[in-house]
Amino acid sequence: MKIIRLLLLLIPGLVACDTQPATSHVLSPNPSLKVSENGRYLTYPDGKPFYYLGDTAWELFHRLNREEADQYLEDRAAKGFTVIQAVVLAELEGLTVPNAYGHMPLKDNDPTQPVEEYFSHVDYIVNKAESLGMFIGMLPTWGDKFNLRWGKGPEIFTPENARIYGEFVGKRYRDKPIIWILGGDRIPESDTQLEIVRSMAAGLESGDGGNHLMTYHPMGGRNSAEFFHNDTWLDFNMYQSGHGASDISNYETNLANYARVPVKPTLDGEPRYEDHPINWKPGNGWFDEADVRQAAWWGGLSGSCGHTYGDHNIWQMWQSDRTPISAARTPWQQAIHHPGSAQVGLMKQLLEQAGWYRMEPSEALIAGDTTSGGRKIIAAMAPDHSLAMIYTPYGFPVRMSEDIFSEETGHAYWFDPRTGEKQDAESGEMLDPPGAPGRGNDWVWVWEATNAGN
């Protein structure tokens, strides 16, 4: 074990994983997801809880050929991802620059005239993801095509053609493992734009027969619940905590959504990306795997149904012959190996094995001030005390409000979110993580009752 830790110190970016992400769930014919009876998480058709671990591969359909798509998808499946978020009408000149095979998505930029050859390539990627046990979080369009607040556009949607296009896409993929994601880094800012979104949702539902879940991906710092929480088509909420600063408190949005009525699942659909310049300025430094873990565990223990990872180079599928967006600097073929992508897979594996869906946010578990900023401690616990987790981002000691587990029979341990290693721990009122407190020395304290049912 000392050798492993020495390697971690000497080789930046190396992740030593004693534990590998769980094998993908085998998808049934006509796969679709459902919302759990309590409205807190998603399930497979057979009722098994589904942990949404997404990756932002926005330009996947537009920029990669089939061999490249295979390479990317196989890597993500091996790491335990369950959802790949990708855009049909892509952001980066998706209406003016053809895909890897020279095909445009629409004839004359008309949403009612899709080009078969372009969609055949989308079909290939959807089928490949399905073969690997993953869902596509499919955005029918990026948001600049209905709200050109910034970007390339052009705006091409009306309420009328949005419904027609939605129905076409919905019908084409009605029997595939799809989650519909409307929006695309924009919010509706007029009645017409609201109508466009709702018309596209109606078209998707008409086309796929209501066979798939829907959500909405807003711009940074915003939340689908602001606009659509009471819409019946919105099955779960998605917010974007974004890339504007370190230590963005995504758990606050998560907890606010958790308290909304009617109850709907919630998750962070775009947190700070690994290898992204902080606030888009390289002089501020770059988000790294510690930022990834912090956002993931803050979201994971504040009542979410999952979490989305992102890498700045991968969303745009950057390579040296392409113009970098916002100082992208690592070819995507190398960026798929950034350590944060493996570490969120380790998080998902622990949560699945423990039965995360049984837990509720439980700040009262922590005594006194849980600190603030990047040191914020987050806790979750099952109501029957059969499972509890506490995340301390800097590895500071944690004082529990009381030793509520002293009369229980079970096992406490520290989980290393960098490697997946576990170390036996005490369950007293003061919990002291391994190592010296500091950025990057984050730990998760876990309590599992003996013979607790998942």
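Rules behind the numbers
Residues numbered from 1 in each chain as written. Predicted model: local features only at pLDDT ≥ 70, side-chain atom pairs only at ≥ 80, totals over all residues. Heavy atoms only, no water. Helix = DSSP H or I, 4+ residues; strand = E, 2+ residues; numbered from the N terminus. Rg over C-alpha atoms; globule rule 2.2 N^0.38 Å. Buried < 20%, exposed > 50% of the residue type's maximum accessible area, 1.4 Å probe, protein only. Pairing = 2+ DSSP bridges. Axes fitted to C-alpha atoms, helices over the stretch in contact; angles between N-to-C directions. Contact = heavy atoms within 4.5 Å. Phe/Tyr/Trp six-rings, centres within 6.5 Å; stacked < 30°, edge-to-face > 60°. Lys NZ or Arg CZ within 6 Å of the ring centre and 35° of its normal. pLDDT = per-residue confidence, 0-100. Parallel < 35°, antiparallel > 145°, perpendicular 65-115°, else oblique. Left-handed = near helix turned anticlockwise from the far one by under 90°. Nonpolar A, V, L, I, M, F, W, Y, C, P; charged D, E, K, R; others polar.

A. Region of the structure containing the overall build of the protein chain. Of the regular secondary structure elements, the protein chain holds twelve helices and 19 strands. Its C-alpha radius of gyration of 22 Å places the protein chain within 12% of the 22 Å reference for a compact globule of 454 residues. Dimensions of the protein chain along its principal axes, counting C-alpha atoms only, are 65 × 45 × 40 Å. Buried residues in the protein chain amount to 59% of all 454 residues.

B. Region of the structure containing the sheet that holds strand β6 (residues 135-141). Strands sit in the order β8-β7-β6-β5-β4-β11 across an open sheet of six strands; the sheet is parallel. The open sheet terminates on both sides in strands that have one partner only, identified here as β8 (214-217) and β11 (306-309). Along the sheet, successive strands turn relative to each other by an average axial angle of 30 degrees, direction set aside. Strand direction decides the pairing type here: strand β7 (residues 178-183) and β8, joined by four bridges, are parallel.

C. Examining the sheet that holds strand β17 (residues 422-424) more closely. If you walk across this open sheet you meet the six strands as β12-β13-β14-β19-β16-β17, and the pairing is antiparallel. This sheet does not close on itself; its edge strands, each paired only once, are β12 (360-361) and β17. One ladder, built from two bridges, connects β12 with strand β13 (residues 378-381); its direction is antiparallel. When the sheet's bridge partners are listed, E360 is paired in β13 with M381. Contacts between helix α9 (residues 289-300) and the sheet are confined to β13, β14 (387-392), β16 (410-415) and β19 (443-449), with β14 contributing the most and set at about 145 degrees to the helix.

D. Expanded view of the packing of aromatic side chains. Under the criterion given, the structure shown has 19 aromatic pairs. On the numbers, 5.4 Å between centres and 85 degrees between planes, the contact of W356 with Y357 is edge-to-face. Members of the aromatic cluster, each reached through a chain of ring pairs, are Y41, Y51, W356 and Y357. The cationic tip of R40 hangs over the ring face of Y258; the distance from NZ or CZ to the ring centre is 3.6 Å. Between R418 and the ring centre of W443, over which it is positioned, the NZ or CZ distance is 5.1 Å.

E. Structural context of the confidence of the model for the protein chain. Across the protein chain, the average pLDDT comes to 93, with 93% of residues at or above 70. For the protein chain, per-element mean pLDDT is lowest for helix α1 (residues 2-10), which scores 34, and highest for strand β5 (residues 83-89), which scores 99. Scored below 50 in pLDDT, residues 1-23 makes 37 contacts in the model with residues more than four places away or belonging to other chains.

F. Fine view of the packing of α9 against helix α12 (residues 339-354). Interhelical geometry of α9 versus α12 gives an angle of 25 degrees and a closest axis separation of 9 Å. When the axes of α9 and α12 are compared, the pair comes out roughly parallel. Seen along the crossing, α9 lies across α12 with a hand that is right-handed. Contacts between α9 and α12 involve E289, V292, R293, A296 and W297 from the first element and P339, G340, Q343, V344, M347, L350 and L351 from the second. Partitioned by chemical class, the residues of the contact of α9 with α12 number eight nonpolar, two polar and two charged.

G. Spatial organisation of unusual backbone geometry. A cis geometry characterises the amide bond from G153 onward to P154, with omega recorded as -5 degrees. The topology assignment puts P154 in the loop between β6 and α5 (159-172). Even without being glycine, D275 reaches a positive phi, approximately 65 degrees. With respect to the secondary-structure elements, D275 resides in the loop between β10 (266-268) and α9. On the accessibility criterion, D275 (6% relative accessible area) is buried. Of note, the phi angle at S326 is positive, near 50 degrees, even though the residue is not glycine. Of note, S326 is situated in the loop between α10 (312-315) and α11 (332-335).

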